[in-house]
Amino acid sequence: MKYRKVLALLAAVVFIVLAGCSNEADDNSEKESTTAITTDTAVIKNSDAVDLIKSYSEEELGLEGSLDDYEIMVSSSGIKLEDEYYIKVIAGKITKNSEDSYSIDEIGQYFISYDASKLLVRNKEDGTYRELEMHALPESESSVADLP
């Protein structure tokens, strides 16, 4: 169990570093800014974002197999899509390449609007987005942000 927690923490750190350094976008997707966008005003983020994603079925998320087969990781910076800000969450599989090298295969990409009114799922094939009906927000102190 401890090994799984360490692996999940390592995966989250690797994702954050890769997300901050990466500026990948295909022809069908929005270009991401290289400047980090703060998530301070987001209503839901971090572990609450993970809990929200886990409240959906594998079918709704477009995943094969069990949700337990995937690591759910949340970006520490926001993304702007069509004049709205979102928290990016991915479902991925982590592969150990060598003693201290890991790779993450992003299987699913999800975007939670800062006001928690929308959840978008990105289609890897064509870069389009579809909206899922929002589930109730996880109940915790960290799910409520101090909005200006």
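In the block above lies the structure referred to throughout.
Below, the structure is looked at part by part. (Residues numbered from 1 in each chain as written. Predicted model: local features only at pLDDT ≥ 70, side-chain atom pairs only at ≥ 80, totals over all residues. Heavy atoms only, no water.)

1. A short note on the sheet that holds strand E4 (residues 119-122)
Filter applied, for reference: In short, DSSP must find at least two bridges between two strands for them to pair. Helix and strand assignments come from DSSP, with helices taken as H or I runs of at least 4 residues and strands as E runs of at least 2, each series counted from the N terminus. Angles here are taken between N-to-C directions and fall from 0 to 180 degrees, while the axes themselves are lines fitted to C-alpha atoms, restricted in helices to the stretch in contact.
Strand order in the open sheet formed by five strands is E1-E2-E3-E4-E5, and the pairing between neighbours is antiparallel. Edge strands, defined here as strands with exactly one partner in the open sheet, are strand E1 (71-81) and strand E5 (129-132). Taking the axes of each pair of neighbouring strands and ignoring which way they run, one obtains an average angle of 35 degrees across the sheet. Across eight bridges, the pairing between E1 and strand E2 (residues 84-98) is antiparallel. Note that in E2 the partner of Val74 across the bridge is Val89.

2. Here we look at the pattern of salt bridges
Going by this rule: Any Lys or Arg side-chain nitrogen located within 4 Å of an Asp or Glu carboxyl oxygen qualifies as a salt bridge. When accessible area is computed with a 1.4 Å probe and restricted to protein chains, residues below 20% of their type maximum are described as buried, those above 50% as exposed, and intermediate ones as partly exposed.
A complete count under the given rule lists two salt bridges for this structure. Among the ionic pairs, Glu84 bridges to Lys118, the shortest N-O distance being 2.6 Å. Taken as a pair, Glu84 in strand E2 and Lys118 in the loop between strand E3 (101-113) and E4 lie far apart in primary sequence, 34 residues in all. Given a relative accessible area of 26%, Glu84 falls into the partly exposed group. A salt bridge links Glu106 to Lys88, with the nearest nitrogen and oxygen atoms 4.0 Å apart. Of this pair, Glu106 sits in strand E3 while Lys88 sits in strand E2, and the two are 18 residues apart along the sequence. On the basis of relative accessible area, Glu106 is assigned to the partly exposed category, the value being 25%. Its relative accessible area of 13% is what places Lys88 among the buried residues.

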